[in-house]
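Listed below, chain by chain, are the residues.
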Amino acid sequence: VRLPPPALAPDAAAELRGVLGADALRDDHRERVLHAAGKGYPDLVAIRAGHPQSAPDAVAYPEGAAQLRAVLEICSQRRVAVVPFGGGTSVVGGVAPLRGDQEAVITVDLRRLAEPLALDRESLTVTCGAGLRVAALEARLAAGGLTLGHFPQSFEYVSVGGCAATRSAGQASTGYGRFDERVLGVRCTAPAGELTLAPVPASAAGPDLRELLVGSEGALGVLTEVALRVSPAPRARIYEGVFFETFAGGIAALRALAQDDATPTVVRLSDEQETSMSLALAGAGGVKGAAGRVYLRARGYAEGCLLVLGFEGEPERIAARRRLALALVGRHGGLAVGRTPGRAWAAGRFAGPYLRDDLLTQGVMVETLETATQWSLLTSLYRAVGRAIAAALRERGTPGRVMCHVSHLYETGASLYFTFLAPQQEGREIEQWSAVKQAASAAIVANGGTITHHHAVGVDHRPWLADEIGAEGVELLRDLKQRLDPAGIMNPGKLLPDRDGA
Ligand SMILES: Cc1cc2nc3c(=O)[nH]c(=O)nc-3n(C[C@H](O)[C@H](O)[C@H](O)COP(=O)(O)OP(=O)(O)OC[C@H]3O[C@@H](n4cnc5c(N)ncnc54)[C@H](O)[C@@H]3O)c2cc1C
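Residues numbered from 1 in each chain as written. Predicted model: local features only at pLDDT ≥ 70, side-chain atom pairs only at ≥ 80, totals over all residues. Heavy atoms only, no water.

(A) Layout of the pattern of salt bridges. The final tally for this structure, using the stated rule, is 23 salt bridges. In this structure, arginine 78 engages aspartate 11 in a salt bridge whose closest nitrogen and oxygen atoms are separated by 3.1 Å. Of this pair, arginine 78 sits in helix α4 (residues 65-78) while aspartate 11 sits in helix α1 (residues 10-20); the two residues are 67 residues apart in sequence, bridging distant segments of the chain. For arginine 78, a relative accessible area of 30% gives the class partly exposed. (Salt bridge = Lys/Arg side-chain N within 4 Å of Asp/Glu carboxyl O. Helix = DSSP H or I, 4+ residues; strand = E, 2+ residues; numbered from the N terminus. Buried < 20%, exposed > 50% of the residue type's maximum accessible area, 1.4 Å probe, protein only.)

Structure below.
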């Protein structure tokens, strides 16, 4: 991997080392490469080709909020951009080391900001350092019979602060809620000062400032501590499969579940294309073997859509919820096919993305994008975005396969998660990706979807932020940034669109 020489001025580096210690500011090749990109498709294409789009001039590892404060002060004075780095799993360019109009850029890796860890069992809350990995937190909670209930597909790597800064949603968000719904309190170090918002259960003290920090993507400051609501760990878990003849039929059933107080903990309804791909990948030992294609075909479901339902909690409570949920999906034409599909999903729930590397090696473009809207618009949004992706791929001369699932339910609507595969346009991979992204995003905006349900804005979604929150909304965020980060060092090129609209 080829990188430009580090551009951090020697006196700035010396000052930072004075605060952090000699070993906690690194500018060796390995550290710079490891922090050069996140995990989006453009990141992977560039880094696999040996040419990351950018690289930090150095990587800092502050050990506590006091060191971090000093780092931000030096960087503000020396015109050095700061990129907060949690687990580094952003798929929207969130950790790209862009320097904006600053003279150098450092990545601030937050893994040493993992303390304190204070559990209040009586209140069911935990406070922890923002650099703590969610998997490590979950293990600590599990030992005490508790759970955070946050399981994004990137669970193995993500940090608490990264999930708060991006409003992440896990696979069990329908049951446990999104990450932002779990955040009760936040401590944030911004270049202009500290903000501390206590974990009170509710408050009428003016607008909720937590909401300004959750989802701030490192553009306002660094979240150093997060207080979270936790839940008793479930004593029972049941994951099972239901088939629907059509995706629209399955969506109608999901709406009934969400609005009839019968929401399962986990929901994943795949469209016809994703279902047939899952069946093919499951092979004879998976859904296909257990439920039996012959049986499904006889019942008219051979080309249908698979819904995985998961119930977690106390055995007697989930039994009641499950009865109600299965009765509702049955009334909407769902055919229950037992636990094998659910077990297969649970066994592979974090494994799918690893296929990306093999597919890239085979010259296959594989990318995902997500949105959400009201129930009344969901089917039309699904069709419009699917059509836009397929058409953009065809126009590039690389027709592909477009798949979708619904996996996060709300009383008023749901999310859509698209996956698409196509032959890569060799040498023009980013151009090809960009054409599809533009087409899909235009279709999302035109059909009432949010530009992102849980991946955040990062670099990739900036051009459409004003479509969602309006020009005044963007200016308000700019004013807030100006107040907290007057020198403009925090994560340039993310979240906020450029002033010229580029
Ligand atoms: C294979 C794969 C599967 C994924 N599945 C899901 C999924 O199921 N659900 C989902 O929601 N997302 C998913 N993602 C996206 C990603 O994991 C989430 O956005 C996650 O919340 C990022 O956490 P992180 O700790 O890795 O943050 P990072 O990638 O390190 O950072 C994300 C953004 O937050 C900023 N940031 C990080 N830490 C802080 C902090 N302490 N203070 C201020 N800003 C900070 C960064 O600067 C960056 O802009 C997936 C990604 C991959 C690669």
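That shown, we press on.
(B) Structural context of helix α10 (residues 247-259). Taking 1.5 Å of rise per residue, the 13 residues of α10 would be expected to cover 18 Å, and the 18 Å separating its terminal C-alpha atoms lies within 8% of that figure. Backbone nitrogen of glycine 249 and a side-chain oxygen of the N-cap are separated by 2.9 Å at the start of α10; the cap is threonine 246. Trailing α10 by a residue or two, aspartate 261 shows a phi angle of about 60°, which is positive. (Expected span 1.5 Å × (residues − 1). Polar contact = N/O pair within 3.5 Å; in protein donor to acceptor, adjacent residues only side chain to side chain.)

(C) Representation of the environment of cysteine 305 within the structure. Along the chain, cysteine 305 falls in strand β14 (residues 305-313). For the pair cysteine 305 and glutamate 194, spaced 111 residues apart in sequence, the C-alpha separation works out to 50 Å. Discounting chain neighbours no more than four positions away, the residues touching cysteine 305 are Val242, Phe243, Phe244, Thr246, Phe247, Leu269, Ser270, Asp271, Glu272 and Thr275. (Contact = heavy atoms within 4.5 Å.)

(D) Fine view of the side chain of aspartate 460. If you trace the backbone, aspartate 460 turns up in the loop between α18 (429-446) and α19 (465-484). No salt bridge forms around the buried aspartate 460; measuring N to O, its nearest opposite-charge neighbour lysine 437 is 5.3 Å away. (Lys, Arg positive; Asp, Glu negative; His and termini not counted.)

(E) Just the sheet that holds β14, in detail. On the basis of which strands lie adjacent, the open sheet formed by 7 strands has the order β15-β12-β14-β13-β17-β18-β16 and antiparallel pairing. This sheet does not close on itself; its edge strands, each paired only once, are β15 (335-338) and β16 (364-374). Neighbour-to-neighbour, the strand axes of this sheet turn through a mean angle of 25°, independent of strand direction. On top of the sheet, helix α15 (residues 340-347) reaches β12 (236-244), β13 (266-270), β14 and β15; it is set at about 115° to β12, its chief contact. Contacting β16 and β18 (413-423), α18 crosses the sheet at an angle of about 15° to β16. (Pairing = 2+ DSSP bridges. Axes fitted to C-alpha atoms, helices over the stretch in contact; angles between N-to-C directions.)

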